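Architecture and fold: a report
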Amino acid sequence: MHRLADWPEEDRRPIYWESPQDVQYQDILYHRAEGIAKITINRPEVRNAFRPQTVRELIHAFQRAHLDPEIGSIILTGAGELAFCSGGDQRVRGHEGYQDAQGVESLNVLDLQRQIRTLPKPVVAMVAGYAIGGGHVLHLVCDLTIAAENARFGQTGPRVGSFDAGLGAGLLARTIGLKKAKEIWFLCRQYDAQEALAMGLVNAVVPLAELELVTVAWCRQMNRLSPTALRVLKAAFNADTDGLAGIQELAGNATALFYMTEEAQEGRNAFLERRPPDFRRFRRRP
Ligand code: S0N
C-alpha cells in the first residue's frame, strides 16, 4: 500500500514521538512511540554523511532499541528531505579510514551493518533524497526500505576511491541480481525511486509528504504480529548470506525457544537439585 489513503484509519493516524532525555547524542536523534524506535542521522549540512562519532552513536541507539522490550520495530532515517545518508564523511577520511576526534582511523560502519542484520527486530529504512555510497549500503542492510518519490540511490566507491566488497556487493547481488549489482558498482550511476522499486531494491515508493506516516503504518502492522515469528524469520532470511555466523544467529533462536520448554528446564532443575535428570516424560516427536 503506497498511499496513506490505502491504509485503515487506525494505521494512518498521527504518531506522537517522545524523545528520551537520559542520553544526549551529538550526531543522531532518538525517538520512540507506539513500540517503534526512530533513529535519525542528524547531519543534514553534509547530506547526513557519517563520521566515526555518528556510527558510534548509531550503534548505541540500535542497542538501546534492541534491548527495549517495548520496541517491536525500528526506523532508520536521515534528517531533512534531501538525504537519507551520503556515506562516509569525506572530510575526515584519513589514511586508513575515517578519523575520530582523537585521530583514530577506523572502519566502524561495518560493525553497524552487522548489528542491523543481527538485532532481532525488523529495521526499516525510511529514505528521502539521497542514499549514496555507504549510505546506500545502510539502507540495503535494513530489512525493508520505504522510499519517498524524491529518493535517489547509488554507489560512488570507484569514483571516490573506496568500495564495500562485503555486504555492499554480496547482499546487493542477492537482493537485485548479479548483473544489476555489478552495473550499480561499475558505473556509479544514480537511480530514482521508481527504478529502485522495479529492481526490488525498495519495498514501496510513497509521496514525500506521506513518507513518515506510511513507514509508521508498516511498523504498526508488524508490531501486531508475533515477535518470535518475525525474529526467527529475520534470522532465517540472513542465515545463508551470513554463513556460519548467520546459522549461529538462527540457532540462537532455537536455543532460546528450547530453554522455554519443560524438557530443557528439567535439565536445569536436575542440576540445581543435585539429582539425575528424568527426561522419560518427554516424547520423541516423529
Ligand atoms: C549525496 C550527493 C549526491 C548530494 O549532492 P547535492 O545535493 O548536489 O549536494 P552537494 O552540494 O554535493 O553536498 C552538500 C554538502 O554536503 C557535503 N557532502 C555531501 N556528501 C558528503 C560526504 N559523503 N562527506 C562529506 N561531505 C559531504 C558537500 O560537500 C556539501 O558541502 P558544502 O555545502 O560545504 O559544499 C553528493 O553530495 C555526493 O555525491 N556526495 C558524496 C557521496 C560519496 O561519495 N560518499 C562516500 C562513499 N564512500 C563511503 O561511503 C565509504 C563507505 C564506508 O564507509 C565503508 C564501506 C565498506 C567498508 C569500509 C568502509 C569504510 O570506509 O568505513
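About the criteria used
- Residues numbered from 1 in each chain as written.
- Predicted model: local features only at pLDDT ≥ 70, side-chain atom pairs only at ≥ 80, totals over all residues.
- Heavy atoms only, no water.
- Helix = DSSP H or I, 4+ residues; strand = E, 2+ residues; numbered from the N terminus.
- Rg over C-alpha atoms; globule rule 2.2 N^0.38 Å.
- Buried < 20%, exposed > 50% of the residue type's maximum accessible area, 1.4 Å probe, protein only.
- Contact = heavy atoms within 4.5 Å.
- Areas by Shrake-Rupley, 256 points an atom, 1.4 Å probe, with all protein chains shown as cover.
- Lys, Arg positive; Asp, Glu negative; His and termini not counted.
- Charge placed at Lys NZ, Arg CZ, Asp CG, Glu CD.
- Core = buried A, V, L, I, M, F, W, Y, C linked by side-chain atoms within 4.5 Å.
- Axes fitted to C-alpha atoms, helices over the stretch in contact; angles between N-to-C directions.
- Parallel < 35°, antiparallel > 145°, perpendicular 65-115°, else oblique.
- Left-handed = near helix turned anticlockwise from the far one by under 90°.
- Nonpolar A, V, L, I, M, F, W, Y, C, P; charged D, E, K, R; others polar.
- UniProt positions renumbered as here; feature names shortened; annotations may be inferred.
- Salt bridge = Lys/Arg side-chain N within 4 Å of Asp/Glu carboxyl O.
- Pairing = 2+ DSSP bridges.

A short note on the overall build of the protein
Looking only at helices and strands, the protein features 12 helices and 12 strands. Over its C-alpha trace the protein gives a radius of gyration of 21 Å, about what one expects of a compact globule, namely 19 Å for 286 residues. Each of the three principal axes of the protein carries a C-alpha extent, and together these read 65 × 50 × 45 Å. Classification of the 286 residues of the protein by burial places 45% in the buried group. Of all intrachain contacts in the protein linking residues separated by at least 6 positions in sequence, the fraction that spans at least 24 positions is 65%. Put simply, the protein shows about 15,200 Å² of open surface, and 55% of that area lies on carbon and sulfur atoms. Averaging the positions of the 34 positive and the 34 negative side-chain charges in the protein gives two centres separated by 5 Å.

A closer look at the nonpolar core
One finds Ile39, Phe62, Ile74, Ile116, Leu138, Phe153 and Leu201 to be the most contacted residues of the largest nonpolar core, which totals 48 residues. Counting residues in hydrophobic clusters, the runner-up holds 22 residues, among them Val124, Ala148, Leu211 and Ala217.

Observations regarding the packing of helix 6 (residues 167-176) against helix 7 (residues 178-187)
Relative orientation of the contacting elements helix 6 and helix 7 amounts to 135°, with a least axis distance of 7 Å. Taken as axis vectors, helix 6 and helix 7 run oblique relative to one another. The handedness of the crossing between helix 6 and helix 7 is right-handed. Of the residues in helix 7, those in contact with Gly168, Ala169, Leu172, Ala173 and Ile176 of helix 6 are Leu178, Lys180, Ala181, Ile184 and Trp185. For the contact of helix 6 with helix 7, the residue count by class is 8 nonpolar, 1 polar and 1 charged.

Re the UniProt feature "site: Important for catalysis" (unreviewed entry) in the protein
Under the present numbering, the feature "site: Important for catalysis" (unreviewed entry) in UniProt falls on Tyr98 and Tyr259. Spanning 162 residues, the named residues are also spread out in space, since their farthest C-alpha pair is 42.2 Å apart. Summarising the element assignment, Tyr98 is placed in strand 5 (residues 98-99). Ignoring sequence-local partners within four residues, the contact set of Tyr98 consists of Pro52, Gly88, Asp89, Gln90, Val92, Arg93, Val104, Glu105 and Ser106. Note that Tyr259 resides in helix 11 (residues 243-259). Its relative accessible area of 57% is what places Tyr259 among the exposed residues. With sequence-adjacent residues up to four places away left out, Tyr259 is seen in contact with Ala264 and Gln265.

Comments concerning the pattern of salt bridges
Throughout the structure, instances matching the rule amount to 25 salt bridges. The partner of Glu210 in a salt bridge is Arg3, and the shortest N-O contact between them spans 3.5 Å. Of the two residues, Glu210 is situated in the loop between strand 12 (204-206) and helix 9 (211-223) and Arg3 in the segment before helix 1 (9-12); the sequence distance between them amounts to 207 residues. Of the residues examined, Arg3 reaches a relative accessible area of 44% and is grouped as partly exposed. Across the pair Asp278 and Arg280 runs a salt bridge whose closest N-O atoms are separated by 2.9 Å. Assessed through its relative accessible area of 75%, Arg280 is described here as exposed.

Some words on the sheet that holds strand 7 (residues 123-127)
Taken in spatial order, the 6 strands of this open sheet run 1-2-3-7-9-12, and their pairing is mixed. Of all the strands in the sheet, the pair left with one neighbour each is strand 1 (28-33) and strand 12. Neighbour-to-neighbour, the strand axes of the sheet open up by a mean angle of 20°, direction not taken into account.

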